[in-house]
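Results of the structural survey
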Amino acid sequence: MTGCLVAATVSGIGEAPRGGARGTQGDAYRDGLAAWRTRGRLDNAACAQCHGPDGLELAIYNFDDATLRRRAKPHLADADAEKIVALIHAVREKFGIAKLLDPLRDRPFQPGGTVLPGNTPAERDLAFGRELEVKLPLLAKGKIGSLADAKRAADSMMALNPWQLPIGIPFNRFSEDSFHGSEHASLAHWLPDVARHVPPENEAAWYALQDAYLVDPSDANLWKLYDGFSVLTKPANSTGVVTVAGEKYRSLLLLQHAYRQASFGEAVRKGPIAFVSFPVPLVPNPMWEVGETARTFQDINAKAFGLDADMLLKKSGGPTFKQQMHDLQASWFWLGWLFDQGLERTSRNMMSARGDWLALSLGNDGPYPIHNVYWLARKQLVVNRVPGAWGGQANRQKPEWDFLAIRVGGRYVDQMPRAPAYRAAYANFAANCFRMSLYLMIDEWRRSKEVWYRSASEFHVRALTKFIGDFQPGSKADAEQLDKLAEGAIGACVEKY
């Protein structure tokens with residue numbers, strides 16, 4: 001299992017009280033929980049089949065009573081819908097939630113707590129570049145001209161926690177609701193759009209896991225619930241919407257646990273790999289899988305994705321289906337990367353582990369070229385520096401340095417911004433990241449006397465130094481010198497395959 005949680009603390013929520021509440025509030029919680037688990041009119045599904053064990057993730061948002069009733073009544077009888085409203089109030093009281101989040105503004109896990117300003121991806125990407133000029137001045141300003149510079153730049157990049165770094169990519173809202181306008185008619189939100197099926201013979205065991213978790217919301221009980229989801233619940237079919245819904249539910253379990261247990265969210269955000277201590281090579285990363293499923297199904301239509309007539313109506317009239325898939329990809333891939341910043345413990349698929357899908361998404365869904373260089377530079381440093389980044393997969397372990405995920409097809413040049421200030425910001429940051437990587441690898445080749453795939457490495461060196469010479473002003477001569485240093489270091493190495 002795995003998890004990494006919220007990017008901003010929720011005011012008023014600390015450790016969860018153990019056990020139930022007393023008096024009227026306790027009655028509302030108990031009766032509401034029974035209604036929460038009552039199978040409704042739509043798909044014979046209960047609220048608990050799409051939401052967390054007690055709706056805490058709803059309670060922390062400022063959904064008013066009218067909204068809660070409007071969303072509950074299509075599913076439940078009026079009396080049960082009122083019990084759901086009372087449950088949400090009881091949960092807020094139980095946890096002493098002092099300040100509610102804005103469901104339109106506050107996006108779960110949004111790095112730094114807010115989206116950088118700008119009306120277009122280009123404007124927000126440039127805003128990210130300006131942010132890096134303050135947070136990573138060695139890379140975003142000036143010029144990396146030596147191994148000492150490269151080491152200082154790498155140290156500063158590793159010291160900057162990306163969970164706390166505002167970005168220009170808007171993460172999905174907790175819930176999109178076309179009641180607020182056609183622009184909200186979208187699948188690009190946290191809530192599963194179809195319920196997971198709980199066979200009658202598994203219902204008692206499934207809710208026993210939820211009860212145990214609610215009494216003692218420990219990390220251990222979270223993982224029992226997380227594992228139980230795969231064992232005790234079943235997908236209705238293999239369509240895209242059902243697949244995404246399952247991965248969203250797993251992600252939602254992690255989200256609500258971070259809200260419930262502040263210590264869990266804080267622990268996850270401290271290191272570059274959320275579950276680095278897990279004793280298995282691959283750790284669950286359902287957030288990445290949401291993006292992966294959206295990528296897989298982006299070129300079909302909504303009906304083929306599995307939307308029924310009612311859902312087609314709810315998710316039409318606003319963003320196109322393809323745009324909805326793009327809106328899922330960029331934010332969920334980035335979130336999945338935050339959980340495993342080396343990506344080597346997320347998938348054995350080479351293109352996922354190398355970062356191709358995130359790089360392609362940021363190219364297609366933006367483009368966000370400065371974001372693309374930043375996350376990939378950090379990914380390579382994490383893989384090369386962080387113990388546990390490979391999860392014991394020694395047979396796959398080798399240095400990463402070539403930025404191939406953004407270079408495939410020449411995208412790092414093709415997506416060069418046209419506006420002069422934006423172009424200069426991108427070109428200088430990219431060139432300095434390439435310089436950093438090359439100086440560090442030259443040092444590594446000289447130390448280890450080993451090179452992976454000599455001819456490929458020489459090709460990558462030429463590509464990076466050509467970019468430096470072509471796009472970073474005044475860098476032709478030292479780009480050529482850097483190329484010679486790299487070629488000499490590679491030439492003195494034994495080749496590995």
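You'll find the structure just up there.
This section reports on the structure supplied with the text. (Residues numbered from 1 in each chain as written. Predicted model: local features only at pLDDT ≥ 70, side-chain atom pairs only at ≥ 80, totals over all residues. Heavy atoms only, no water.)

Some thoughts on the packing of helix α10 (residues 240-260) against helix α12 (residues 286-297)
Operational definition: The convention used is that axes are lines fitted to C-alpha atoms, helices contributing only their stretch in contact, and that angles between N-to-C directions extend from 0 to 180 degrees. In this text, helices come from DSSP runs of H or I with a minimum length of four residues, and strands from runs of E with a minimum of two, each type numbered from the N-terminal end. Working definition: roughly parallel below 35 degrees, roughly antiparallel above 145 degrees, roughly perpendicular at 65 to 115 degrees, and oblique for all remaining angles. Crossing handedness is defined as follows: a turn of the near helix away from the far one that is anticlockwise and smaller than a right angle gives a left-handed crossing, while the clockwise case is right-handed. Whether two residues are in contact is decided by their heavy atoms: any pair within 4.5 Å suffices. In this classification, the charged set is Asp, Glu, Lys and Arg, the nonpolar set is Ala, Val, Leu, Ile, Met, Phe, Trp, Tyr, Cys and Pro, and all remaining amino acids, among them Gly, are polar.
Close contact between α10 and α12 brings their axes to 8 Å; oriented N to C, the two are set at 160°. Taken together, the axes of α10 and α12 lie roughly antiparallel to each other. Crossing handedness for the pair α10 and α12: left-handed. Residues G240, T243, V244, E247, K248, R250, S251 and L254 of α10 form the contact with α12, whose participating residues are P286, M287, E289, V290, T293 and F297. Its residues placed into classes, the contact of α10 with α12 shows 6 nonpolar, 4 polar and 4 charged.

Description of α10
In plain terms, the rule: For a helix, the expected span equals 1.5 Å multiplied by the number of residues minus one. Think of it in three bands: residues with accessible area under 20% of the maximum for their type are buried, residues over 50% are exposed, and the middle band is partly exposed, with areas taken using a 1.4 Å probe on protein chains only.
In this model α10 runs 30 Å from its N-terminal to its C-terminal C-alpha over 21 residues, within 8% of the 30 Å that 1.5 Å per residue would give. In terms of burial, α10 is a largely internal element, 20 of the 21 residues being buried.

Description of the packing of aromatic side chains
Counted only if it meets this: Only the six-membered ring of Trp is used, alongside the rings of Phe and Tyr, when aromatic pairs are assigned; centres must lie within 6.5 Å, and planes under 30 degrees apart are stacked while those over 60 apart are edge-to-face, with the rest tilted. For a Lys NZ or an Arg CZ to count as sitting over a ring, it must be within 6 Å of the ring centre and within 35 degrees of the ring normal.
The tally for this structure, following the rule as stated, stands at 33 aromatic pairs. Aromatic pair W337 and W375: ring centres 6.0 Å apart, planes at 65°, arrangement edge-to-face. In this pair, W337 sits in helix α15 (residues 321-339) while W375 sits in helix α18 (residues 369-385), placing the two residues 38 residues apart along the sequence. Note on accessibility: W337 and W375 belong to one class, buried. Ring plane angle 20° and centroid distance 5.5 Å describe the contact between Y412 and F467, whose orientation is recorded as stacked. With Y412 in helix α20 (residues 411-414) and F467 in helix α22 (residues 454-471), this residue pair connects regions lying 55 residues apart in the sequence. Comparing Y412 with F467 shows no difference in burial state: the two are buried. One aromatic cluster is present, built from ring pairs that chain together F403, Y412, Y426, F434, F467 and F471. For R295, the ring lying beneath its charged end belongs to W357, and the centroid distance is 3.5 Å.

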